[in-house]
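Analysis of the macromolecular model
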Amino acid sequence: MLDTIRRLVDEQGRLSKAATAIGDDADLYAAGLTSFAAVQLMLSLEETFDVEFPDHMLNRRSFSSISAIAGCLHELKGEEAA
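Residues numbered from 1 in each chain as written. Predicted model: local features only at pLDDT ≥ 70, side-chain atom pairs only at ≥ 80, totals over all residues. Heavy atoms only, no water.

1. Quick word on the overall build of the protein chain
Basically, it comes down to this: Each helix is a run of H or I in the DSSP string that is no shorter than four residues. Each strand is a run of E no shorter than two, and both are numbered from the N terminus. Think of it in three bands: residues with accessible area under 20% of the maximum for their type are buried, residues over 50% are exposed, and the middle band is partly exposed, with areas taken using a 1.4 Å probe on protein chains only. Residues are treated as being in contact if the distance between any of their heavy atoms lies within 4.5 Å. Note that accessible areas follow from Shrake-Rupley with a 1.4 Å probe, and for residues the cover is restricted to the protein chains shown.
Summing up its helical and strand segments, the protein chain has three helices and zero strands in all. Buried positions account for 39% of the 82 residues belonging to the protein chain. By sequence separation, contacts in the protein chain at least 24 residues apart represent 54% of the contacts at least 6 residues apart. For the protein chain, the exposed surface amounts to about 4,600 Å²; the carbon and sulfur share of it is 49%.

2. As for unusual backbone geometry
Where the residue is not glycine, phi is negative for most of them; where a peptide bond is considered, it is trans in most cases. With phi around 55°, Arg-14 is a residue other than glycine that occupies positive phi space. By secondary structure assignment, the location of Arg-14 is in the loop between helix H1 (2-12) and helix H2 (35-49). In this model, Asp-50 sits at a positive phi of 55°, which is unusual for a non-glycine residue. Position of Asp-50 relative to the elements: it lies in the loop between H2 and helix H3 (66-81). Judged by its relative accessible area of 61%, Asp-50 falls in the exposed class.

3. A short note on the nonpolar core
Counted only if it meets this: The criterion is simple. A nonpolar core is a set of buried Ala, Val, Leu, Ile, Met, Phe, Trp, Tyr and Cys residues joined through side-chain atoms within 4.5 Å.
Ile-5, Val-9, Leu-28, Leu-45, Phe-53, Ile-69 and Leu-73 are the most contacted members of the largest nonpolar core, which has 26 residues in total. If you list the elements that add at least two residues to this core, you get H1, H2 and H3.

The quantities given are spatial measurements derived from coordinates; they are silent on function.
What follows is the structure, encoded as structure tokens:
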């Protein structure tokens, strides 16, 4: 999952460095993620992982790091399985 998230961050995030060079807990916004790029990233994540981010996850914190994104996806996938 983390590799896929990193690939999507590279494709959509428009960061100043490659996602592979960023730690899992590093601030993606500090690395150059903009609000617009975060929306593009969210759409790519939804399509790739076949999920839909609910309103309560549509915030800066949910997309602040690779770990935060993975946590949201785990939560969404867990809710799907329930």
